[in-house]
Amino acid sequence: MEVIVVAELLDSVELAVFERLIDVGKLLERRADRATREHIGLKYVQYEVLIRLRNAGGELRMTELANKVVSTPSGQTYQLAQLERAGLAERVIAPGDERGVLARITEKGRALLREVSQHQNDMIVEAVIAPLTREQVEAAHRILGALQLHLRGEETGGLIPASLRSPTSSEE
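The shown structure was predicted, so the numbers you read here are calculated from the model rather than taken from an experiment.

Participant: Quick question: what am I supposed to make of the overall build of the protein chain here?
Facilitator: From N to C terminus, the protein chain includes six helices and three strands. The order of α-helices and β-strands along the protein chain, N terminus first, is α-α-β-α-α-β-β-α-α. Counting all 172 residues of the protein chain, 27% fall into the buried class. Contacts in the protein chain between residues far apart in sequence, at least 24 positions, make up 50% of those at least 6 positions apart. As displayed, the protein chain has an accessible area near 12000 Å², and 56% of this comes from carbon and sulfur atoms.

Here it is as structure tokens:
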């Protein structure tokens, strides 16, 4: 005899949390994409690749990069090819592993990130920070970090390497 397990239904708040996270994620991605296209002529996903490479010390294996930007390897290859054409990133053979490929940010890519940092900060403040209190920002950081850890296995985002932080900035 087969036992049928009935899943416990979500209450309305639990379901709303999921739906709101999906909705807010899509809205933020759309806004970020529009801002980067208008300001620097890149898709947000391409800008994110540059940020991930910079934050990783300048280079990552292609598979690791695809995981960090939540992309397929073929999608990541396409985005990196676009960045290569613009001179913002490059692909190189991994030292000691001729089958491994690294994505590397170029100096032109680093310069672009420095150039647009204030514009990106302004967009983030307007879209996410300004409507919230400091306590809500900190609570969101903790909550979203816990979800990232559960879903991805690590918390990412906003962790600017010490070598790139200005003396007056605080780690987010």
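Participant: Explanation requested: the nonpolar core in the structure shown.
Facilitator: When a protein is soluble and globular, its nonpolar side chains tend to lie buried together. Counting residues in hydrophobic clusters, the biggest one holds 20 residues, and the most contacted among them are Leu50, Leu53 and Leu83. Of all the elements in the fold, those that place two or more residues in this core are helix 2 (44-55), helix 3 (62-68), helix 4 (73-85), strand 3 (97-105) and helix 5 (107-129). Contacts of leucine 50, omitting those with residues within four sequence positions, involve Leu42, Leu83, Leu88, Ala89, Ile105, Leu112 and Leu113.

Participant: Just to check I follow, could you spell out the pattern of salt bridges for this structure?
Facilitator: Oppositely charged side chains can pair when the atoms bearing their charge come close. Taken as a whole and judged by the stated rule, the model has 10 salt bridges. The closest approach of N and O atoms between glutamate 48 and arginine 52, which form a salt bridge, is 3.1 Å. With a gap of four residues between them, glutamate 48 and arginine 52 both fall in helix 2, about one helical turn apart. Arginine 52 matches glutamate 48 in its accessibility class, with the two residues each being buried. The salt bridge involving lysine 68 is made with glutamate 154; its shortest N-O contact spans 3.1 Å. Of this pair, lysine 68 sits in helix 3 while glutamate 154 sits in the segment after helix 6 (134-152); the two residues are 86 residues apart in sequence, bridging distant segments of the chain. Its relative accessible area of 14% is what places lysine 68 among the buried residues. The structure contains a network of salt bridges with shared partners spanning Glu59, Glu90 and Arg104.

Thresholds, definitions, all that
Residues numbered from 1 in each chain as written. Predicted model: local features only at pLDDT ≥ 70, side-chain atom pairs only at ≥ 80, totals over all residues. Heavy atoms only, no water. Helix = DSSP H or I, 4+ residues; strand = E, 2+ residues; numbered from the N terminus. Buried < 20%, exposed > 50% of the residue type's maximum accessible area, 1.4 Å probe, protein only. Contact = heavy atoms within 4.5 Å. Areas by Shrake-Rupley, 256 points an atom, 1.4 Å probe, with all protein chains shown as cover. Core = buried A, V, L, I, M, F, W, Y, C linked by side-chain atoms within 4.5 Å. Salt bridge = Lys/Arg side-chain N within 4 Å of Asp/Glu carboxyl O.

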